[in-house]
Amino acid sequence: MKQILSAVIVASLVLVAASSFGVANAAGHSSVYTIDNAASNSVLQFSASPDGFLTLTATFSTHGSGTGAGLGSQGALALTNDGRWLVTVNAGSNEMTVFQVNSDGSLAFASKTGSHGTTPISVTIHGKTVYSLNAGTTTVAGNIAGFTMGNDGQLTFIAGSGQPLGGAPGSSPEQIGFDNGGNVLVVSEKAAGIIDTYTVGEEGVASGPTSITSNSAGPYGFAFTNHDYLVISEAAAGTLSSYAVSDEGSLRTLSGSIPDFGAAPCWVAVSHDGKFAYTSNAHGGTISGYAVSESGTLSLFSSVAAKTSVPTLDLAFSGNNHFLYALNGGKITSFQVYPDGSIAQVHVTGGLPASATGLAAA
């Protein structure tokens, strides 16, 4: 009996180990994605090695249109938290495309739908809820619109979710993003100098906006820490601010306009542990680093944490937090991230079109 029991236990352990190995293989594959935003828009997939080297693996058509130029926004494509779906904007055809992400990081087209606005430039996802930011034009007002993602990747518009922006046409919206709980949406409007917040109900319907004047001019890219503090750049002022965000969408300044001494800090990324924030200085070809305290305050630890080609654009962290990727000057540069927040270049992948926009890392 003991021999039979031992054999059962061993067999069970083998099955558990085999199952764990399979999950580790599926979860361990790392890819980085960007869109070329060409007239025939495509997603470019880069496989990431354990040492941070990127290799262009494949290109996947969105079956939509880009604008043929950089969008200048943050969040042009986004992954679901489980990494199984990728959503991207098609700014030239006013659509969004959904891809299923396979275990090797390759993409399978799932659906395409209208963005319920003009010129979608940014997308954000929480659970099965997807919101697009439509920039509008100099004469057409921008807006946000919400969708529910089905198990097959189809997007269904949420009735009542379409809401205006706080600024007038030409306000230059830059990004939309959920807080960690999915209760609040944030939109930055650079030219208007305001930050919009929207509360999101249980059915995914956004209400708002509530708009506040940014601490300094040019609110641009942002990210939330793991404690749900909002870290946002102020491109025109050359500064970063941090805010506490309530469930009702009110913002309370924690650090107001801390300078990075760079040229036009725009895009922002926060490490997964919430300890460090980085901003790309678009006109200066540098990345600046800030420490983030437990209470959400910011302190600049390096004005020039790294140098890149100009312009320095989107930023994204690898899933394991070991690497920071930067889209810059037709390249993606990989930086190793050290425990003290310092970063060091390890690889440069070139050959990207100047219109490439957005970064998402699995």
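Residues numbered from 1 in each chain as written. Predicted model: local features only at pLDDT ≥ 70, side-chain atom pairs only at ≥ 80, totals over all residues. Heavy atoms only, no water.

1. Some details on the overall build of the chain
Inference 1: Regarding its fold elements, the chain presents 1 helix and 29 strands.
Inference 2: Since a compact globule built from 362 residues should have a radius of gyration of about 21 Å, the 21 Å found for the chain is in line with a globular shape.
Inference 3: Judged by the C-alpha coordinates and their principal axes, the chain covers about 75 × 45 × 40 Å.
Inference 4: Every one of the 362 residues in the chain was classed for burial, and the buried ones make up 54%.
Inference 5: A sequence separation of at least 24 residues applies to 48% of the contacts in the chain between residues at least 6 apart. (Helix = DSSP H or I, 4+ residues; strand = E, 2+ residues; numbered from the N terminus. Rg over C-alpha atoms; globule rule 2.2 N^0.38 Å. Buried < 20%, exposed > 50% of the residue type's maximum accessible area, 1.4 Å probe, protein only. Contact = heavy atoms within 4.5 Å.)

2. Digging into the pairing of strand 3 (residues 54-61)
Inference 1: Taken together, the 7 bridges between strand 2 (residues 42-48) and strand 3 define a ladder with antiparallel strand orientation. Pairing of Ser47 across the sheet is with Thr55, part of strand 3.
Inference 2: Taking the residues between adjacent antiparallel strands as the criterion, strand 2 and strand 3 are bridged by 5 residues, where Gly52 takes a positive phi near 90°. (Pairing = 2+ DSSP bridges.)

3. Side note on the sheet that holds strand 24 (residues 298-307)
Inference 1: The strand order 21-22-23-24 describes an open sheet built from 4 strands, whose pairing is antiparallel. Unpaired on one side and paired on the other, strand 21 (265-270) and strand 24 mark the two borders of the sheet. Across the sheet, the mean angle separating the axes of adjacent strands is 25° when strand polarity is ignored.
Inference 2: Strand direction decides the pairing type here: strand 22 (residues 276-281) and strand 23 (residues 286-292), joined by 6 bridges, are antiparallel. Within strand 23, the residue paired with Tyr278 across the bridge is Gly289. (Axes fitted to C-alpha atoms, helices over the stretch in contact; angles between N-to-C directions.)

4. Some points on the sheet that holds strand 7 (residues 107-114)
Inference 1: Strand order in the open sheet made by the 4 strands is 4-5-6-7, with antiparallel pairing throughout. Two strands in the sheet have a free side with no partner beyond their single neighbour: strand 4 (77-79) and strand 7. Along the sheet, successive strands turn relative to each other by an average axial angle of 20°, direction set aside.
Inference 2: Strand direction decides the pairing type here: strand 6 (residues 95-101) and strand 7, joined by 7 bridges, are antiparallel. Paired with Glu95 across the bridge in strand 7 is Gly114.

5. Concerning the environment of Ser280
Inference 1: Position of Ser280 relative to the elements: it lies in strand 22.
Inference 2: Given the relative accessible area of 0%, Ser280 is considered buried.
Inference 3: Through-space distance from the C-alpha of Ser280 to that of Val245 is 24 Å; in sequence the pair is 35 residues apart.
Inference 4: At 2.7 Å, the side chain of Ser280 and the backbone oxygen of Leu313 are in polar contact. (Polar contact = N/O pair within 3.5 Å; in protein donor to acceptor, adjacent residues only side chain to side chain.)

6. Things to note about the nonpolar core
Inference 1: Of all hydrophobic cores here, the largest spans 28 residues; its most connected members are Tyr33, Leu86, Val87, Leu107 and Val130.
Inference 2: Looking at this core, the elements that each hand over two or more residues are strand 1 (31-35), strand 4, strand 5 (85-90), strand 6, strand 7, strand 8 (120-126) and strand 10 (143-149).
Inference 3: Every residue in contact with Leu86, bar those within four places of it in the chain, is listed here: Tyr33, Val43, Leu77, Ala78, Leu79, Thr97, Val98, Phe99, Val101, Leu107 and Ala360.
Inference 4: Judged by nonpolar contacts, the second largest core, of 20 residues, contains Val32, Leu44, Ala316 and Ala356. (Core = buried A, V, L, I, M, F, W, Y, C linked by side-chain atoms within 4.5 Å.)

7. Considerations on the confidence of the model for the chain
Inference 1: Averaged over all residues, the pLDDT of the chain equals 92, while 92% of them reach at least 70.
Inference 2: Note on residues 1-27: pLDDT is under 50 here. Beyond four places in sequence and across chains, it has 1 contact. (pLDDT = per-residue confidence, 0-100.)

8. Things to note about the environment of Phe109
Inference 1: Note that Phe109 resides in strand 7.
Inference 2: Classification of Phe109 as partly exposed rests on a relative accessible area of 40%.
Inference 3: Residues Phe109 and Thr62, spaced 47 residues apart in sequence, show a C-alpha to C-alpha distance of 7.3 Å.
Inference 4: Once residues lying within four places of it in the same chain are set aside, the contact partners of Phe109 are Ser61, Thr62, His63, Thr97, Val98 and Phe99.

9. Quick look at the packing of aromatic side chains
Inference 1: Counted by the stated rule, this structure contains 8 aromatic pairs.
Inference 2: Seen in terms of ring centroids, Phe99 and Phe109 are 6.3 Å apart; in terms of plane orientation they differ by 80°. Their pairing is edge-to-face. Note that Phe99 is positioned in strand 6 and Phe109 in strand 7, a separation of 10 residues in sequence.
Inference 3: Through a chain of ring-to-ring contacts, three or more aromatic side chains come together here, namely Phe276, Tyr278, Phe301 and Phe317. (Phe/Tyr/Trp six-rings, centres within 6.5 Å; stacked < 30°, edge-to-face > 60°.)

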